[in-house]
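Commentary on secondary and tertiary structure
In case you want the letters, here they are:
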Amino acid sequence: MRKLLFFACIALFIGCSGDKNDANKTYEAKFTHVSNANTPKGKAADLFAKRAGELSNGRIKIHVFPSAQLVDDDKIFVEMKRNNVQFSSPVLSKFVPIAPQFNFWDMPFLFRDIDHAHAVMDGEIGTKLKKVIADKGFVMFDFWDNGFRQLSTNKKELKLPADAAGQKFRINTSKVIEEQFKAVQAIPQVMNFGEVYSALQQGVVDGSENALSNFYYSKFYEVQKYLTISNHSYSGYLVMGSKKFMDSLPDDLKAVIYEAMAEATKYERELTAENEKKLLDKLKSDENVKTQIYMLSPEEKDQWQKAMFKVYEQFYDVVGKELIDQAIATKSPAKDEK
């Protein structure tokens, strides 16, 4: 009886010690992304890491690796499945090979403005599309902004769809974007982003489409004569996590991750919006910027929309007509419901 009581006490002691050790256990993780650390995405990743550490009283330590220091977006899914990295924020088009439904995000003129885009991504549609990726063994968090894409060229100012005819545009690997340019009789050419500056400079391509941050920080204004503020397509990211890592966390630390992410998402979106305004002002006022900036009138924008809407029917089977129609019908609480 004494032996049984002794071993019972030992077991109880070990159990209590284990609980105490678990309560003090620290968890380390890597957040990798391809953007510069000074971009809104880079700063938001840093804030997420900082807040996760603060909210967990140091039990979560997230190390951020910007500028593709660890891995680029093409390989992130494999490395995250292996739990070699725990967090990342790939551009939305990178999800298309494993989830064709993500062609949805490249549809031209799908979103009326950024409030409408947020209402879609934070609502039922965003939840549906995140589930597609989650079902493949990843943890989905929030959508982050990179702004709307604009059109630039060296050949001829782009005011009407006919102005794009015959011009060669560099594009991302995206069937939607490819068909978008074909719809206005332009010639799309897939090219790695790192090659774009020299291709524009040497005339390999006439133009490109970029968010203002990419256009400005990559100094495309040095090699592009014209920039049209078209806001024709949304550019953004989706933050994802390693399921193995998240499953290893106790519930209280999982809650910390989601709280820190919510703060980082709010910060990233606000910073992107501020950045868009500042960059446009800089492009307009900087004496070193020779690029001529043109703002589409409502009538001109309507013509671009009509020309590019032809693309939608080609992707109904891939994306789902119901999903596209639902997005168009989605209201922006900040504006549409006033």
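Structure's up top.
Quick caveat, the model's predicted, so the values are computed rather than measured.

**Quick look at empty space enclosed by the protein**
Over the atoms rolls a probe the size of a water molecule, and its path tells where empty space is left. Under the definition given, this model contains 1 cavity of 30 Å³ or more. Taken as a whole, the largest cavity holds about 30 Å³ of empty space. If you trace the largest cavity, you find it lined by Val 91, Leu 92, Ser 93, Trp 105, Asp 106, Arg 149, Tyr 234, Ser 235 and Gly 236. The dominant element in the lining of the largest cavity, judged by the number of residues it contributes, is strand E8 (residues 226-242), at 3 residues. When the residues that make up the lining of the largest cavity are grouped by side-chain class, the tally is 4 nonpolar, 3 polar and 2 charged.

**Side note on the pattern of salt bridges**
Evaluation of the coordinates by the stated rule reveals 20 salt bridges. Taking the shortest distance from any N to any O, the salt bridge between Lys 94 and Asp 74 comes out at 2.8 Å. Placement of the pair is Lys 94 in the loop between strand E3 (87-88) and helix H4 (114-121) and Asp 74 in the loop between strand E2 (60-65) and helix H3 (76-81), with a sequence separation of 20 residues. Owing to a relative accessible area of 28%, Lys 94 belongs among the partly exposed residues under this scheme.

**Focus: the layout of surface pockets**
Counted as a void, the largest pocket has a volume near 1300 Å³. A total of 5 residues in the lining of the largest pocket trace back to one element, the largest contributor, which is helix H10 (residues 251-285). Each residue belonging to the lining of the largest pocket can be placed in one class, and the counts come to 16 nonpolar, 18 polar and 13 charged. Of the voids in this model, the second largest pocket is the one considered here, and its volume is about 560 Å³. As for the second largest pocket, its lining consists of 26 residues, of which Ile 114, Phe 148, Gln 150, Asn 231 and Glu 276 are closest to the centre. Residue contributions to the lining of the second largest pocket peak at 6 residues, all from H10. Looking at the lining of the second largest pocket residue by residue, the class counts come to 10 nonpolar, 7 polar and 9 charged.

**Side note on the packing of helix H2 (residues 40-55) against H10**
A packed helix pair is summarised by two numbers, namely the angle formed by the two axes and the spacing between the axes. Close contact between H2 and H10 brings their axes to 8 Å; oriented N to C, the two are set at 155 degrees. Looking at the two axes, H2 sits roughly antiparallel to H10. When you trace H2 past H10, the crossing you get is right-handed. The segment H2 lies against H10, with Pro 40, Lys 41, Lys 43, Ala 44, Leu 47, Phe 48, Arg 51, Ala 52 and Leu 55 engaging Val 256, Ile 257, Glu 259, Ala 260, Met 261, Glu 263, Ala 264, Tyr 267, Glu 268, Leu 271, Thr 272 and Asn 275. Tallied by class, residues from the contact of H2 with H10 come to 13 nonpolar, 2 polar and 6 charged.

What counts and what doesn't
Residues numbered from 1 in each chain as written. Predicted model: local features only at pLDDT ≥ 70, side-chain atom pairs only at ≥ 80, totals over all residues. Heavy atoms only, no water. 1 Å grid on protein atoms, 1.4 Å probe; cavity = no way out; pocket = protein on both sides within 12 Å on 5 of 7 lines; lining within 4 Å. Points joined across faces, edges and corners; volume = space filled by probe spheres on them. Helix = DSSP H or I, 4+ residues; strand = E, 2+ residues; numbered from the N terminus. Nonpolar A, V, L, I, M, F, W, Y, C, P; charged D, E, K, R; others polar. Salt bridge = Lys/Arg side-chain N within 4 Å of Asp/Glu carboxyl O. Buried < 20%, exposed > 50% of the residue type's maximum accessible area, 1.4 Å probe, protein only. Axes fitted to C-alpha atoms, helices over the stretch in contact; angles between N-to-C directions. Parallel < 35°, antiparallel > 145°, perpendicular 65-115°, else oblique. Left-handed = near helix turned anticlockwise from the far one by under 90°. Contact = heavy atoms within 4.5 Å.

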